[in-house]
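Next come the chains, spelled out residue by residue.
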Amino acid sequence: MKKLSLLILSFVLIGASAQAQSIIKSLERTVPGQGKVTIHQDPRIEALLGVERSSIGEQKVIKTTGFRIQAYAGNNTRAAKNDAYGVAARVRQYFPELAVYTSFNPPRWICRVGDFRSIEEADAVMRKLKATGVFKEVSIVRDQINVPL
């Protein structure tokens, strides 16, 4: 019974945070010929919702939980680092529209692809990666993603 209660509570909280994000996003969008709404709120509110704002280059993004495709995971050797960056280059070659993230998460080098809000989106792209015949060991992982504003 406790597990069921916790499960229901988690679904309610996830739904509330997604709804809050969409409300804020819809209020802040720019519509030609209409006024502009700017929301000033304590960053701790977004932290409670699991949303973090940052900017990558000139583009502003929201960091939230989503899915990425893991295209490579090696160990902590120099060869694994080179392999991770090699896989990243091949992904960029075949799919230049996808964001590629190569990082060292001890004890391994990892190359992950994309920023997907749903597992269905990630699955569709993962199938395209597999269809090339170049990327064989790909999997979907839950990760913090960047959603452009």
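Above this text you will find the structure in question.
To keep things clear, this report deals only with the structure shown in the data block. (Residues numbered from 1 in each chain as written. Predicted model: local features only at pLDDT ≥ 70, side-chain atom pairs only at ≥ 80, totals over all residues. Heavy atoms only, no water.)

Details of the packing of aromatic side chains
Following the criterion strictly, the structure yields 3 aromatic pairs and no others. On the basis of an interplanar angle of 80° and a centroid distance of 5.9 Å, the ring pair of Tyr94 and Phe135 is categorised as edge-to-face. Within this pair, whereas Tyr94 is found in helix H3 (residues 78-94), its partner Phe135 is found in the loop between helix H4 (119-131) and strand E5 (139-148), the two being separated by 41 residues in sequence. The exposure class assigned to Tyr94 is partly exposed, which follows from its relative accessible area of 41%. (Phe/Tyr/Trp six-rings, centres within 6.5 Å; stacked < 30°, edge-to-face > 60°. Helix = DSSP H or I, 4+ residues; strand = E, 2+ residues; numbered from the N terminus. Buried < 20%, exposed > 50% of the residue type's maximum accessible area, 1.4 Å probe, protein only.)

Section: the pairing of strand E3 (residues 100-105)
Where E3 and strand E4 (residues 108-116) come together, 6 bridges link them in antiparallel fashion. From the neighbouring strand, Ser103 faces E4, where its bridge partner is Ile110. (Pairing = 2+ DSSP bridges.)

Regarding the nonpolar core
Nonpolar side chains tend to gather and get buried jointly when the protein is soluble and globular. Of all hydrophobic cores here, the largest spans 22 residues; its most connected members are Ile69, Val87, Phe116 and Phe135. Looking at this core, the elements that each hand over two or more residues are strand E2 (59-73), H3, E4 and H4. Ranked by residues supplied to this core, first place goes to H3 with 5 residues. If we skip the residues at most four places from it in the chain, Ile69 touches Cys111, Arg112, Val113, Phe116, Ala122, Val125, Met126, Leu129, Val138 and Ser139. (Core = buried A, V, L, I, M, F, W, Y, C linked by side-chain atoms within 4.5 Å. Contact = heavy atoms within 4.5 Å.)

Digging into the layout of surface pockets
As a volume, the second largest pocket reaches approximately 180 Å³. Lining the second largest pocket we find Gln70, Ala71, Tyr72, Ala73, Val87, Arg90, Val134, Phe135, Lys136, Glu137 and Ser139. Secondary structure elements with two or more residues in the lining of the second largest pocket: E2 and H3. Tallying contributions element by element places E2 first for the lining of the second largest pocket, with 4 residues. Class assignment for the residues of the lining of the second largest pocket results in 6 nonpolar, 2 polar and 3 charged. (1 Å grid on protein atoms, 1.4 Å probe; cavity = no way out; pocket = protein on both sides within 12 Å on 5 of 7 lines; lining within 4 Å. Points joined across faces, edges and corners; volume = space filled by probe spheres on them. Nonpolar A, V, L, I, M, F, W, Y, C, P; charged D, E, K, R; others polar.)

Observations concerning H3
Its 17 residues place the ends of H3 25 Å apart at the C-alpha level, agreeing with the 24 Å of an ideal helix rising 1.5 Å per residue. Of the residues making up H3, those classed as buried are Ala80, Ala84, Val87, Ala88 and Val91. Mapping the buried residues of H3 onto a view down its axis gives an arc of 100°, with all of them on the same face. Exposed side chains of H3 directed beyond 90 degrees from the buried face belong to Arg78, Asn82 and Gln93. Tucked inside the fold, the buried residues of H3 contact E2, E3 and E4. (Expected span 1.5 Å × (residues − 1). Arc of directions from axis to C-beta.)

Digging into the pattern of salt bridges
Within this structure, the stated rule accounts for 4 salt bridges. Asp143 serves as the salt-bridge partner of Arg68, at 3.4 Å between the closest nitrogen and oxygen. In this pair, Arg68 sits in strand E2 while Asp143 sits in strand E5, placing the two residues 75 residues apart along the sequence. For Arg68, a relative accessible area of 7% corresponds to the buried category. Taking the shortest distance from any N to any O, the salt bridge between Arg127 and Asp123 comes out at 3.0 Å. Taken together, the residues span about one helical turn, with Arg127 and Asp123 both in helix H4 at a distance of 4 residues. With relative accessibility at 56%, the residue Arg127 sits in the exposed group. Through salt bridges with shared partners, one network takes in Arg68, Arg112, Asp115 and Asp143. (Salt bridge = Lys/Arg side-chain N within 4 Å of Asp/Glu carboxyl O.)

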